[in-house]
Amino acid sequence: MFPERLDDFITEDNPVRVIDVFVEELDLRALGFEGVDPQATGRPAYHPATLLKIYIYGYLNRLQSSRRLEREAQRNVELMWLTERLAPDFKTIADFRKDNGKAIRRVCRQFVVLCRQLNLFAEAMVAIDGSKFKAVNNRDRNFTRAKLQRRLEQIEASIAR
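Computed from a predicted model, the values in this text were never measured in an experiment.

(A) Structural detail: the nonpolar core. Ranked by internal contacts, the top residues of the largest apolar core, which has 33 residues, are F33, L52, I56 and V107. Looking at this core, the elements with two or more residues in it are α1 (15-25), α2 (28-31), α3 (48-60), α4 (66-75), α5 (77-83), α6 (90-99) and α7 (101-117). The element that contributes the greatest number of residues to this core is α3, accounting for 7 residues. In this structure, F33 is in contact with L28, P48, L52, F96, N100, A103, I104 and V107, ignoring residues within four places of it in sequence.

(B) Examining the packing of α3 against α6 more closely. Where α3 contacts α6, the two axes come as close as 10 Å, and the packing angle between them is 95°. The orientation of α3 with respect to α6, classified from their angle, is roughly perpendicular. Between α3 and α6, the residues in contact are P48, L51, L52, I54 and Y55 and T92, I93, F96 and R97, respectively. Here the residues of the contact of α3 with α6 sort into 7 nonpolar, 1 polar and 1 charged.

(C) Inspection of the packing of aromatic side chains at higher detail. Evaluated as defined, the whole model comprises 2 aromatic pairs. On the numbers, 5.8 Å between centres and 10° between planes, the contact of F33 with F96 is stacked. Of this pair, F33 sits in the loop between α2 and α3 while F96 sits in helix α6, and the two are 63 residues apart along the sequence. Comparing F33 with F96 shows no difference in burial state: the two are buried. The ring centre of F90 lies 3.8 Å from the NZ or CZ of R67, which sits over that ring.

(D) Spotlight on α7. If you check α7, its first and last C-alpha atoms are 25 Å apart, about what 17 residues at 1.5 Å a residue would give, namely 24 Å. Looking only at α7, the buried set comprises A103, I104, V107, C108, F111, V112 and C115. Those residues of α7 hidden inside the fold are in contact with α1, α2, α3 and α6. Residue N119 follows α7 closely and has a positive phi angle near 55°.

(E) Geometry of the side chain of K53. Inspection of the secondary structure puts K53 in helix α3. Every residue in contact with K53, bar those within four places of it in the chain, is listed here: I19, D20, V23, E24 and L82.

(F) Summary view of the packing of α4 against α6. Packing of α4 against α6 leaves a shortest axis separation of 8 Å and a crossing angle of 125°. In this view, α4 runs oblique relative to α6, as classed from their interaxial angle. Note that α4 runs across α6; the crossing there is right-handed. For the pair α4 and α6, contact is made by S66, R67, L69 and E70 and by F90, I93, A94 and R97, respectively. Among the residues forming the contact of α4 with α6, the class breakdown is 4 nonpolar, 1 polar and 3 charged.

The rules behind each value
- Residues numbered from 1 in each chain as written.
- Predicted model: local features only at pLDDT ≥ 70, side-chain atom pairs only at ≥ 80, totals over all residues.
- Heavy atoms only, no water.
- Core = buried A, V, L, I, M, F, W, Y, C linked by side-chain atoms within 4.5 Å.
- Buried < 20%, exposed > 50% of the residue type's maximum accessible area, 1.4 Å probe, protein only.
- Helix = DSSP H or I, 4+ residues; strand = E, 2+ residues; numbered from the N terminus.
- Contact = heavy atoms within 4.5 Å.
- Axes fitted to C-alpha atoms, helices over the stretch in contact; angles between N-to-C directions.
- Parallel < 35°, antiparallel > 145°, perpendicular 65-115°, else oblique.
- Nonpolar A, V, L, I, M, F, W, Y, C, P; charged D, E, K, R; others polar.
- Phe/Tyr/Trp six-rings, centres within 6.5 Å; stacked < 30°, edge-to-face > 60°.
- Lys NZ or Arg CZ within 6 Å of the ring centre and 35° of its normal.
- Expected span 1.5 Å × (residues − 1).
- Left-handed = near helix turned anticlockwise from the far one by under 90°.

This is the structure:
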């Protein structure tokens with residue numbers, strides 16, 4: 001159904017190319033990933049770089065479920081290109097997340113910093129003219145420096161989860 005080269009479907013400015021280059025440049029052994037060196041016997045497992053690419057792709061596209069990531073790896077052309085047509089099952093993806101949680105958090109933090117340096121995140125600006133709006137300023141809708149700091153800590157905790 002597809003031509004032999006999935007590369008024809010992935011444009012030069014596609015974000016999956018950034019993910020691919022980013023993961024290939026990481027020293028997974030130094031970051032603490034398990035399974036970088038294959039076992040001497042038995043069938044070789046998926047390389048952690050492949051599973052990390054799937055996980056980062058899911059992180060960017062708001063796909064958290066390992067079952068949804070499995071489905072995407074089987075049908076999504078971008079993910080097929082990224083994993084070179086490998087499609088691990090949901091249990092493999094879930095076990096990778098469970099076994100390498102700290103290392104994944106470190107990599108995601110590095111990835112967010114890289115994206116900020118490359119200006120890949122858009123900043124939103126809100127401007128209000130002199131118009132009057134009927135509004136309710138309740139506790140949940142107003143922000144102080146302390147509330148913003150607590151919110152940033154909540155976001156860090158969310159990344160850690």
